[in-house]
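Residue-level listing of the chains:
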Amino acid sequence: MITVLSGGTGSLKLIQGLVNFIKPEEITLIVNTADDFEWLGLYVSPDLDTTIYLLAGLLDIDKFWGIKGDTFHFLSMIKRYGYEDWFSVGDQDLATHLHRTILIKKGHTLTDIATKLCHTFNIKVKILPMSDDKVTTFVKTDQGIFPFQEFWVKRKGKDKVLGVNLEGIREAKPAPGVIESITKAEGIIIGPSNPVTSIGPILGVPGIRKTLESVRVKRICISPIVGTEPVSGPAGNLLSGIGLEVSSFGVASIYQGLIDEIFIDNRDKALAERIRKLGIKVFCSDIIMKSEEDKMRLAKLVIKNLGATYDKN
Ligand code: FO1
C-alpha cells in the first residue's frame, strides 16, 4: 500500500498517473480539509470533492474543480435574491454539498461521508480526510484576514500574504485510519500541492508529522514549484508570506526530516547541492504534468524511486 498526502490540483494529477500502475485498493490518500467552509449554510469540502470527482471520472479537468458539463442555474437564481456568487457551485456539485450537510446534521463524520461517496461512485482508492475535526485556514494579508476560499477565490489570491493561521489545528485529531495508513505504507508520497495551505494543514494535525518522521519506508515529495513560480495555485505568495524562499529549496526546507527524496524540475538542477545539505536526496526530472503521458511518466518514476514493485495485475 502506498499513501499520498494530497491537496488539490498537483497531487491529483500525479494520482491520475499512479492509478495506471497501482491497484486502486493499494492507494490511500490523506486529503487536506482545512479549505473547507460553509457556503450558504452548506458544508463544502473542495479538496475532498475534487478528489472524489476525479476518481469518479466526473471532474471538470480544465478547471480542476467542479463537475464537467455542470450547469449553474441555482447560482444565477440565488444571485437574483441578492446572494454573492463568487464561489461557483454548479447544480450537480450542489447536490454533493447538500448531501454532506444533511449527513453531518445526522451525526456522520467527514470520514463516513467520504466512504459513502466512494461507495456511490465505486471508487476503490481509499480517501481519508486528514481529520474529522474542524480546521480552518485563515490567510493574514495586507488587506485583512480572510478564510482561505475568500483569499483565493473571491480576492484571487492577490493580496500580500503576511501569515497563515490554521484555526482548530491543535485540537484536531487525525481521522480514523490516517496514522495507520502512514505506519503500514510501503512508500509515502507528498504530492506536488501547496506546502503551506494544502500539505501544511495535514502535517499540522497532531500526530501526523511525528508518525511521518518515524517511519522507515521511503518518503518522496514532488516539488510544486519550478524556478520561482508555483506550477499552479497560490504557493508562491504563501511561501514568501511565511518567510520562505519561493523555490524547490524552500519546499524542501519545510519537509526536512519528513522526506528522503524530492523530485525537482530539470531547470532547478542548480538547487540540488543546497537541498542535499538538508539531508534530502534530489531527483531531477520534468515535473510539469500537462498530458496523460506526463502524468504516467512521472508516476512511474516516483514508484521506481520508492523502490516499490507494484503490479496492477
Ligand atoms: N475555485 C475557483 O477558483 N473558483 C470557484 O468559483 C471555485 C468553486 C468551487 C466549487 C466547489 C469546489 O469543490 C471547489 C471550487 N473551487 C473554485 C476550487 C477550490 O476552492 C480551490 O481551488 C481549492 O480550495 C484549492 O485546493
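Residues numbered from 1 in each chain as written. Predicted model: local features only at pLDDT ≥ 70, side-chain atom pairs only at ≥ 80, totals over all residues. Heavy atoms only, no water.

## Things to note about unusual backbone geometry
Apart from glycine, the bulk of residues carry a negative phi angle, and the bulk of peptide bonds sit in the trans form. One non-glycine residue, F64, lies in the positive phi region at around 65°. Checked against the element boundaries, F64 lands in the loop between α2 (46-56) and α3 (73-80). For F64, a relative accessible area of 6% puts it in the buried group. Of note in this structure, K156 is not a glycine but carries a positive phi near 60°. Inspection of the secondary structure puts K156 in the loop between α6 (148-154) and β8 (161-167). Its relative accessible area of 55% is what places K156 among the exposed residues. (Helix = DSSP H or I, 4+ residues; strand = E, 2+ residues; numbered from the N terminus. Buried < 20%, exposed > 50% of the residue type's maximum accessible area, 1.4 Å probe, protein only.)

## Some remarks on the sheet that holds strand β13 (residues 261-265)
Strand order in the open sheet formed by 7 strands is β5-β2-β1-β9-β10-β13-β14, and the pairing between neighbours is parallel. Here the strands that pair on one side only, and so sit at the sheet edges, are β5 (126-129) and β14 (281-285). For this sheet, the mean inter-axis angle between neighbouring strands, taken without regard to orientation, is 20°. Across 4 bridges, strand β2 (residues 27-31) lies against β5 in parallel orientation. For I30, the partnering residue across the bridge sits in β5 and is L128. The sheet strands contacting helix α1 (residues 9-18) are β1 (2-6), β2, β9 (187-190) and β10 (219-222), and the helix crosses β1 at an angle near 155°. (Pairing = 2+ DSSP bridges. Axes fitted to C-alpha atoms, helices over the stretch in contact; angles between N-to-C directions. Contact = heavy atoms within 4.5 Å.)

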